[in-house]
Amino acid sequence: MLTCVRVGDVCNKGKNFVVAVSAEGWFHLFDLTSLNSKYPDASGHHELAGAEEQKPVFKQHIPANTKVMLINDIDGDGKCELVVGYTDRVVRAFRWEDSSENSDNVSGQLILLKKWLLEGQVDSLSVNPGPDGSPELMVSQPGCGYAILLCTWDTEQRDAAVGRDGSGPSSEAPVRDVILHQTSGRIHNKNVSTHLIGSIARGSSENSGSGLFALCTLDGTLKLMEGADKLLWSVQVDHQLFALEKLDVTGNGHEEVIACAWDGQTYIIDHNRTVARFQADENVSAFCAGLYACKEGSNSPCLVYVSFSQKIYIYWDVQLERMESTNLLKILDCDPEFGSLLQELGIDRSDVSAVKNLIHKTLYFPEKYHLSSPSQDAAGMDSSAHCSGIQDPL
């Protein structure tokens, strides 16, 4: 039974591989890029033959009882590592080691870099920039907590080499490689499962300091953090949140936090704690969000739900014009044509009361407004047509 599936450049060959790991610990590596080239369609896309069975290009046994998996650069060396979380509260980091100089061939094996033991169950793995901008490996811990796992294998190898040479001290204090954090003193249930997502983009305000990361719990707590100490906001909802993602749905470079509950209730929250909600059609067993190419050969924001009735729902090109609340007057005020129409009607743009009265009459009493004055008939028609044309931004 497969428990983890990921896509990433786990072999550091400049292309993505599909990685599938079973509960029994069998690591399967699939290279679909070479197969795709056999079936290009007219638009340049690649389609796999439905009847062709895809076979792994590499297989290796690693420790069993896998639960979650991450492919990312966790030590800042520019190369991807494979991080696996297990049901026995253990996290292991692996690195692909080539056995051939030919970069095109998949020939090598996974080498164990480090093993960490956590106090609680691991439900999420993520990477987030630390205070100095270097990547930090984060794992979720029950009760809306998390731990930072230190990548100390370079130091350990160096110390081991020094010890073999006899030039170093015979005993040293053990390196603390698991740093636990609790995000709040108020914990309703210290055993509640927790998910986290790191490296949340914040657009032009991006800096080299600590990155943004979010946490959610099964009892409905949502938090956005900047580093270990700064809580940006906290939200409590009445749904059981089991999945957490990040996605820029407004196109402004700021990634919103996307949280999904078992009943399909989906929360989209920006950095200012503005919330938009969406209800999926069915109860869901799995959820993810990201940029995927569904049509027209380009990636767009997508929400993907898997229901308990064995259906997959893909909501494609999910885009919002804005997250913050607004009103019709603010939208019209940004339209140059609106100012010229007010001038034709003899209404001062700074007279908010008169502008509101005009919009009210045009939207709700258009016929009465036309009949009230022949001189205003043409202006009223123009204003009504314009107002009806700008309803879409609402």
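Residues numbered from 1 in each chain as written. Predicted model: local features only at pLDDT ≥ 70, side-chain atom pairs only at ≥ 80, totals over all residues. Heavy atoms only, no water.

Description of the confidence of the model for the protein chain
Then, in step 1: Per-residue confidence for the protein chain gives a mean pLDDT of 83; residues scoring 70 or more make up 80%.
Then, in step 2: Taken as a whole, residues 168-174 scores under 50 in pLDDT and shows two contacts with residues more than four places along the chain or in a different chain.
Then, in step 3: Ignoring residues within four places in sequence, the model shows residues 371-394, a span with pLDDT below 50, making 30 contacts including any to other chains. (pLDDT = per-residue confidence, 0-100. Contact = heavy atoms within 4.5 Å.)

Side note on the pattern of salt bridges
Then, in step 1: Taken as a whole and assessed by the stated rule, the structure comprises 11 salt bridges.
Then, in step 2: D98 serves as the salt-bridge partner of K13, at 3.2 Å between the closest nitrogen and oxygen. Residue K13 is located in the loop between strand 1 (2-8) and strand 2 (17-22), and its partner D98 is located in strand 7 (residues 90-98); the two are separated by 85 residues in the primary sequence.
Then, in step 3: Linking D31 and K15 is a salt bridge whose minimum nitrogen-to-oxygen distance equals 2.9 Å. (Salt bridge = Lys/Arg side-chain N within 4 Å of Asp/Glu carboxyl O. Helix = DSSP H or I, 4+ residues; strand = E, 2+ residues; numbered from the N terminus.)

Points about the sheet that holds strand 16 (residues 230-236)
Then, in step 1: In space, the four strands of this open sheet follow the order 13-14-15-16, with antiparallel pairing throughout. The open sheet is flanked by strand 13 (194-200) and strand 16, the only strands paired with a single partner. Sheet twist, expressed as the mean angle between neighbouring strand axes with direction ignored, is 15°.
Then, in step 2: Strand direction decides the pairing type here: strand 15 (residues 221-226) and strand 16, joined by six bridges, are antiparallel. Its bridge partner lying in strand 16, K223 is registered against S234. (Pairing = 2+ DSSP bridges. Axes fitted to C-alpha atoms, helices over the stretch in contact; angles between N-to-C directions.)

Re the environment of V178
Then, in step 1: Along the chain, the position of V178 falls in strand 12 (residues 178-182).
Then, in step 2: You can call V178 buried: its relative accessible area is 17%.
Then, in step 3: Apart from the residues lying within four places of it in its own chain, the contact partners of V178 are W116, L117, L118, A147, I148 and L149. (Buried < 20%, exposed > 50% of the residue type's maximum accessible area, 1.4 Å probe, protein only.)

A few points about the packing of aromatic side chains
Then, in step 1: As enumerated under the stated definition, the model contains nine aromatic pairs in all.
Then, in step 2: When the ring of F27 is compared with that of F58, the centres are 6.2 Å apart and the planes differ by 65°; the resulting orientation is edge-to-face. Separated by 31 residues along the polypeptide, F27 in strand 3 (residues 26-30) and F58 in strand 4 (residues 58-61) bring together distant segments of the chain. No difference in accessibility class separates F27 from F58, as the two residues are buried.
Then, in step 3: Site record: aromatic cluster; members linked through ring pairs are F278, F287, Y305 and Y315.
Then, in step 4: Across the ring face of W26, the terminal group of K59 is positioned such that the distance to the ring centre comes to 4.7 Å. (Phe/Tyr/Trp six-rings, centres within 6.5 Å; stacked < 30°, edge-to-face > 60°. Lys NZ or Arg CZ within 6 Å of the ring centre and 35° of its normal.)

Overview of the nonpolar core
Then, in step 1: Grouped together as the largest cluster of nonpolar side chains are 21 residues, with contacts concentrated most on V10, V19, F27, L29 and L82.
Then, in step 2: Taken together, the elements giving at least two residues each to this core come down to strand 2, strand 3, strand 5 (66-72), strand 6 (81-86) and strand 7.
Then, in step 3: With near-sequence residues (within four places) excluded, L29 lies in contact with V10, C11, F17, V18, V19, P56, V57, F58 and V106.
Then, in step 4: Membership of the second largest hydrophobic core comes to 18 residues, among which are V83, L118, A147 and W153. (Core = buried A, V, L, I, M, F, W, Y, C linked by side-chain atoms within 4.5 Å.)

Structural notes on the sheet that holds strand 9 (residues 125-129)
Then, in step 1: On the basis of which strands lie adjacent, the open sheet formed by four strands has the order 9-10-11-12 and antiparallel pairing. Only two strands of the sheet have a single partner each, and these edge strands are strand 9 and strand 12. Neighbour-to-neighbour, the strand axes of this sheet turn through a mean angle of 35°, independent of strand direction.
Then, in step 2: Note that strand 9 and strand 10 (residues 135-141) share five bridges and pair antiparallel. Paired with V127 across the two strands is L137, which belongs to strand 10.

Thoughts on the pairing of strand 20 (residues 275-279)
Then, in step 1: Pairing of strand 19 (residues 265-269) with strand 20 involves five bridges; the strand directions are antiparallel. By the bridge assignment, I269 is partnered in strand 20 with V275.
Then, in step 2: From the end of strand 19 to the start of strand 20, which pair antiparallel, there are five residues, and R273 there has a positive phi angle of about 70°.

Focus on the side chain of S300
Then, in step 1: Position of S300 among the secondary structure elements: in strand 22 (residues 300-307).
Then, in step 2: When neighbours within four sequence positions are excluded, S300 is seen to be in contact with G290, L291, Y292, W316 and D317.

Examining a nonpolar patch on the surface
Then, in step 1: On the surface, a nonpolar cluster with roughly 310 Å² of combined accessible area is contributed by L363, Y364 and F365.
Then, in step 2: Structurally, the position occupied by L363 is in helix 5 (residues 352-364).
Then, in step 3: Relative accessible area serves as the criterion here: at 32%, L363 is assigned to the partly exposed category. (Patch = residues over 30% accessible without salt bridge, like charges linked within 9 Å, V, L, I, M, F, W, Y side chains within 5 Å. Areas by Shrake-Rupley, 256 points an atom, 1.4 Å probe, with all protein chains shown as cover.)

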